[in-house]
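Topology and contacts: notes
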Amino acid sequence: MVGVNIEGTSASSFVGAEYTSGGKTGTAQVPGGKAGYLPKKYVSSFIGFFPADNPEVCISVLIEEPDTKKGYYGGSTAAPYFKAKATLTFAADEIGRAH
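Described below are features of the structure shown in this document.

1. Digging into the pattern of salt bridges
Side chains that differ in sign of charge can pair as their charged atoms come close. The tally for this structure, following the rule as stated, stands at 1 salt bridge. Here Glu65 and Lys41 are joined by a salt bridge, their closest N and O atoms 3.3 Å apart. You can see Glu65 sitting in the loop between strand S3 (57–64) and helix H2 (74–77) and its partner Lys41 sitting in strand S2 (residues 37–50), a full 24 residues away along the chain. For Lys41, a relative accessible area of 32% puts it in the partly exposed group.

Right under this line is the structure:
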């Protein structure tokens, strides 16, 4: 799960992070319609934890119907929100730092 943030589908979202983290991306089609799924309707997600070597925080991000023109995969839509919240939490609480 750490690899997804280093060299996987969400790696570009974690460039420059001050902490190590792990996570899992998700992308699902929205059910409905005659074909079984609604066209161009998705749910994107990212659930992650940090610091990777001794997790103290877990954050889940779910985006219903992201703008498909900007992307809809969890690694490109939800992971940046995880990084933003994790960065603020890391800075405010000094999580994972030696005291």
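2. Describing the environment of Ser76
For Ser76, the position within the fold is in helix H2. Assessed through its relative accessible area of 44%, Ser76 is described here as partly exposed. When the C-alpha atoms of Ser76 and Ser10 are compared, they prove to be 6.4 Å apart, with 66 residues separating the residues in sequence.

Cut-offs and rules
Here the residue numbers are simple positions, counted from 1 along each chain's written sequence. Only residues with pLDDT of at least 70 are given local features in this predicted model, and only at 80 or more are side-chain atom pairs given and counted; all residues enter the totals for whole chains, interfaces and linings. Hydrogens and water molecules were not included; the side-chain quantities draw on all heavy atoms of the structure. We define a salt bridge as a contact between a side-chain nitrogen of Lys or Arg and a carboxyl oxygen of Asp or Glu at a distance within 4 Å. For the purposes of this entry, the term helix denotes a DSSP run of H or I that reaches at least four residues, the term strand denotes a run of E that reaches at least two, and both are numbered from the N terminus. The cut-offs for exposure are 20% and 50% of the maximum accessible area for each residue type, with area from a 1.4 Å probe on protein chains only; residues under the lower value are buried, those over the upper are exposed, and the others partly exposed.

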